[in-house]
Amino acid sequence: MVSRCQVEVLYFAESAEITGIRSETISVPQEIKALQLWNEIETRHPGLADIRNQVIFAVRQEYAELGHQLLLLQSGDEIAIIPPISGG
Amino acid sequence: MAAREEVLTLQAEVAQREEELSSLKRRLAAALLAEQESERLVPVSPLPPKAALSRDEILRYSRQLVLPELGVQGQLRLATASVLVVGCGGLGCPLAQYLAAAGVGRLGLVDYDVVEVSNLARQVLHGEALAGQAKVFSAAATLRRLNSAVECVPYAQALTPATALDLVGRYDVVADCSDNVPTRYLVNDACVLTGRPLVSASALRFEGQLTVYHYGGGPCYRCVFPQPPPAETVTSCADGGVLGVVTGVLGCLQALEVLKIAAGLGPSYSGSLLLFDALGGHFRCIRLRRRRPDCAACGERPTVTDLQDYESFCGSSATDKCRSLQLLSPEERISVVDYKRLLDSGSPHVLLDVRPPVEVDLCRLPHSLHIPLKHLERRNAESLKLLGEAIREGKQGTQEGVSLPIYVICKLGNDSQKAVKILQSWTDLDSLTVRDVVGGLMAWAAKIDGTFPQY
Ligand SMILES: [Zn+2]
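Reading guide: rules and limits
Residues numbered from 1 in each chain as written. Chains lettered and ligands numbered in written order. Predicted model: local features only at pLDDT ≥ 70, side-chain atom pairs only at ≥ 80, totals over all residues. Heavy atoms only, no water. Helix = DSSP H or I, 4+ residues; strand = E, 2+ residues; numbered from the N terminus. Buried < 20%, exposed > 50% of the residue type's maximum accessible area, 1.4 Å probe, protein only. Contact = heavy atoms within 4.5 Å. Areas by Shrake-Rupley, 256 points an atom, 1.4 Å probe, with all protein chains shown as cover. Lys, Arg positive; Asp, Glu negative; His and termini not counted. Charge placed at Lys NZ, Arg CZ, Asp CG, Glu CD. Rg over C-alpha atoms; globule rule 2.2 N^0.38 Å. 1 Å grid on protein atoms, 1.4 Å probe; cavity = no way out; pocket = protein on both sides within 12 Å on 5 of 7 lines; lining within 4 Å. Points joined across faces, edges and corners; volume = space filled by probe spheres on them. Nonpolar A, V, L, I, M, F, W, Y, C, P; charged D, E, K, R; others polar. UniProt positions renumbered as here; feature names shortened; annotations may be inferred. Pairing = 2+ DSSP bridges. Buried area = accessible area lost by both parts, 1.4 Å probe. Salt bridge = Lys/Arg side-chain N within 4 Å of Asp/Glu carboxyl O. Axes fitted to C-alpha atoms, helices over the stretch in contact; angles between N-to-C directions. Donors = N, O, S within 2.8 Å, 3.2 Å for Na, K, Ca; no water. Tetrahedral: all angles 85-135°; square planar, octahedral: opposite > 155°, others 65-115°. pLDDT = per-residue confidence, 0-100.

With respect to the overall build of chain B
For chain B, the count of helices and strands is 18 helices and 13 strands. For chain B, buried positions account for 49% of its 455 residues. Residue pairs at least 24 apart in sequence account for 69% of intrachain contacts in chain B once pairs closer than 6 positions are excluded. Total accessible area computed for chain B in this model is approximately 22,200 Å², and 54% of it derives from carbon and sulfur atoms. The averaged location of the 50 negative side-chain charges in chain B is 6 Å from the averaged location of its 47 positive side-chain charges.

Encoded structure:
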């Protein structure tokens, strides 16, 4: 039995346009690889595939590589998807 | 009746005088600019070291001089520092304003663009009277009035791969206040190649981002964003909108980082990203990755050893102006002039406006049917019903067997082409001809109806 937790996903800039929301709470395994976590989020919002290589993926306000390193998550943790904005 | 006539005569005379007055004001503004232009000297020599502050300088900068973190030494460093401001828009204006006020020795101002009325809500160095003039001259004129001791060097040109290394290399710190993706990569690579710290800010809608790149062994822009985003996922301020205060907040934070670097205090946002969410009222700080050993620009074996073609690298042009899409053939499109003729002839058709509701609230053609592009993309049931009704109604005016034309319109003629493509893919609309209006409502405002709002 994998224990799960509730994390808050924040969508910035273009990712908020794609998903149509600015944040949501989702249930994910407490132990999960960063890439798997992204894939879970992408499954919910397939449009995010367009920008997956151009975003900062941040876990608890820290950059996380979309790779195989294991994350240990707690309920309430903040996941942020941050595409660059270029306007001025 | 005589009184009525006099009113009309006087009204006409007032209007004429007002026209003369505004023409004089425009000429005065142009003359002021020409005067400043003639005195500007393009060659830039290094700023001489400065040993002491004058009595006037001590008074002028006294409130910041008494800060122990800055003090006389910090102020002297500011006075001999030079900052290149890339872009004199919503970020560059407040940034340059505070840098000039704080006594930075020299400000290089780069922008190819001219002041437009739609800039004034956020580009606070430009005044109404200077609409149509180069932004860099307008900004330099305002900055000189603010602090005549600061040397402003206007470059009324785009930053290009041909000019960037030379220009960036003449300045100590670079502030990226640009409005497009290719320029952001160009500025980054030029800073890496010349070893200059880059203070980068951006803003869109209610959001802002700020980072210091290539400082003290920290990451560069390419370390964080090795690949440019697909052009179709990039929104400009012209398309997406932006609140002026948001660019103002970001420009000021950017100026703060520049000042701290120039005064020797060191920046706060090297290796981290400040996110400003103006709607929620949140500031967040995200720790970024370290410098990428395999970064194309600043890595151990860089492949970017000279500046490249950033427009083709990014698949977009180095401007925030909308580019015109060409999705349809000429036969699938109609000009505003031809559409006006068709409208006047009373020929039955449906005019479909596909702009977002917020833009339709600004202005619309009264006979248009409004269905946002997003609804067409999602085949929104309610919208399909509306369209079906409009088509049935329109068909009552046509002869049996003659197809009813649908004309699609948007702001500039890009989304309308996308909408035509969608409508053409719907097999149940087989008997209809669908075209779009070239140049959209802005072409209508420019060529057909001068009273129609532009935005
Ligand atoms: Zn790098």
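Digging into the overall build of chain A
Summing up its helical and strand segments, chain A has two helices and seven strands in all. Taken from N to C terminus, the helices and strands of chain A fall in the order β-α-β-β-α-β-β-β-β. Here the C-alpha radius of gyration of chain A, 12 Å, is about what a compact globule of 88 residues would show, namely 12 Å. With the C-alpha coordinates of chain A rotated into their principal frame, the extents come out at 45 × 25 × 20 Å. Per-residue burial over chain A gives 53% buried out of 88 residues. Of the contacts formed within chain A by residues at least 6 apart in sequence, a portion of 58% connects residues at least 24 apart. Accessible area of chain A: about 4,000 Å², with a carbon and sulfur share of 45%. Here chain A carries 6 positive and 12 negative side-chain charges, and the mean point of each set is 5 Å from the other.

Looking at the layout of surface pockets
Approximately 280 Å³ is the volume found for the second largest pocket. Around the second largest pocket sit 15 residues that line it, and Arg 52, Asn 53, Tyr 63 and Leu 66 of chain A together with Arg 292 of chain B are the ones nearest its centre. Of the residues contributing to the lining of the second largest pocket, the split by class is nine nonpolar, three polar and three charged.

Points about the UniProt feature "active site" (unreviewed entry) in chain B
According to UniProt, the feature "active site" (unreviewed entry) maps to Cys 237 and Cys 410 of chain B in the numbering used here. For Cys 237 of chain B, the position within the fold is in helix α10 (residues 237–240). When sequence neighbours within four positions are dropped, the list of residues in contact with Cys 237 of chain B reads Gly 87 and Gly 88 of chain A together with Arg 122, Ala 203, Leu 204 and Val 242 of chain B. Within the secondary structure layout, Cys 410 of chain B lies in the loop between β12 (405–409) and α17 (415–425). Leaving out residues up to four positions away in the same chain, Cys 410 of chain B has contacts with Val 354, Arg 355, Asp 415, Ser 416, Gly 440 and Leu 441 of chain B.

As for the pairing of strand β4 (residues 56–59) of chain A
By the alternation rule, side chains of β4 of chain A split into Ile 56 and Ala 58 of chain A and Phe 57 and Val 59 of chain A, which are all buried. Hairpin geometry of β4 of chain A and strand β5 (residues 62–63) of chain A is characterised by an intervening segment of two residues between the two adjacent antiparallel strands and by a positive phi of about 50° at Arg 60 of chain A.

With respect to the interface of chain A and chain B
Contacts between the two partners involve 24 residues from chain A and, on the opposite side, 39 residues from chain B. The largest share of the area that chain A buries against chain B comes from Ile 85, Ser 86 and Gly 88 of chain A, three residues that together contribute 26% of it. Scanning the region where chain A abuts chain B turns up five salt bridges. Arg 289 of chain B is paired through a salt bridge with Glu 65 of chain A; the nearest N and O atoms lie 3.6 Å apart. Secondary structure elements with two or more residues in the side of chain A that touches chain B: α1 (13–19), β4, β5 and β7 (78–82) of chain A.

A closer look at the sheet that holds strand β10 (residues 350–353) of chain B
Residue and element names in this part refer to chain B. One open sheet holds the five strands; their spatial order is β9-β13-β12-β10-β11, and the pairing between them is parallel. In this open sheet, the two edge strands, each paired with only one partner strand, are β9 (333–334) and β11 (369–370). As paired elements, β10 and β11 share two bridges and run parallel to each other. Within β11, the position partnered with Leu 352 by the bridge is Leu 369. Across the sheet, α17 is in contact with β9, β10, β12 and β13 (433–437); its angle to β13 comes to roughly 175°.

Some details on the environment of Leu 384 of chain B
Residue and element names in this part refer to chain B. By the element assignment, Leu 384 lies in helix α16 (residues 381–395). We classify Leu 384 as partly exposed; its relative accessible area is 27%. Separated by 233 residues in the primary sequence, Leu 384 and Glu 151 place their C-alpha atoms 61 Å from one another. Not counting residues up to four positions away in its chain, the partners in contact with Leu 384 are Arg 379 and Trp 426.

As for empty space enclosed by the protein
Enumeration according to the criterion identifies three cavities of 30 Å³ or more in this entry. Approximately 160 Å³ is the volume attributed to the largest cavity. Lining the largest cavity are 15 residues; nearest its centre among them are Pro 84 and Ile 85 of chain A together with Pro 229, Thr 233 and Val 234 of chain B. In terms of residue class, the lining of the largest cavity is made up of 10 nonpolar, four polar and one charged.

Let's talk about the coordination of the zinc ion
Residues and elements named next belong to chain B. Distances from the zinc ion to its protein donors, Cys 220 (SG), Cys 223 (SG), Cys 295 (SG) and Cys 298 (SG), fall within 2.2 to 2.3 Å. Relative to the metal, the four donor atoms surrounding the zinc ion lie at angles of 91 to 122°, and the coordination shape comes out tetrahedral. When the donor residues of the zinc ion are listed from N- to C-terminus, their spacing reads C-x2-C-x71-C-x2-C. With Cys 220 in the loop between β6 (207–213) and α9 (221–224) and Cys 295 in the loop between β8 (282–287) and α12 (310–314), this pair connects stretches of sequence that are 75 residues apart. Residue Cys 220 shares its accessibility class with Cys 295, and that shared class is buried.

Looking at the pairing of strand β7 (residues 272–277) of chain B
Residue and element names in this part refer to chain B. Burial analysis of β7 places six of its six residues in the buried class, which makes it a mostly covered element. The side-chain alternation of β7 yields two buried faces, one formed by Ser 272, Leu 274 and Phe 276 and the other by Leu 273, Leu 275 and Asp 277. Sheet topology places β6 next to β7; four bridges connect them, and they run antiparallel. Looking across to β7, one finds that Gly 208 is bridged to Phe 276. Looking at chain direction, β7 and β8 are connected through six bridges and run antiparallel. Note on β8: the bridge partner recorded for Leu 273 is Ile 286. Once β7 ends, the chain turns through four residues before running back antiparallel as β8, passing Gly 281 with a positive phi of about 75°.

Things to note about the confidence of the model for chain B
Averaged over every residue, the pLDDT of chain B is 93; the share at 70 or more is 96%. Overall fold confidence (pTM) sits at 0.87, and the ipTM for the predicted complex is 0.96.

Observations concerning the environment of Gly 71 of chain B
Residue and element names in this part refer to chain B. One can find Gly 71 in helix α4 (residues 71–79). For the pair formed by Gly 71 and Tyr 61, sequence separation is 10 residues and the distance between their alpha carbons is 9.9 Å. Leave out the neighbours within four places in its chain, and Gly 71 touches Gln 64 and Leu 65.

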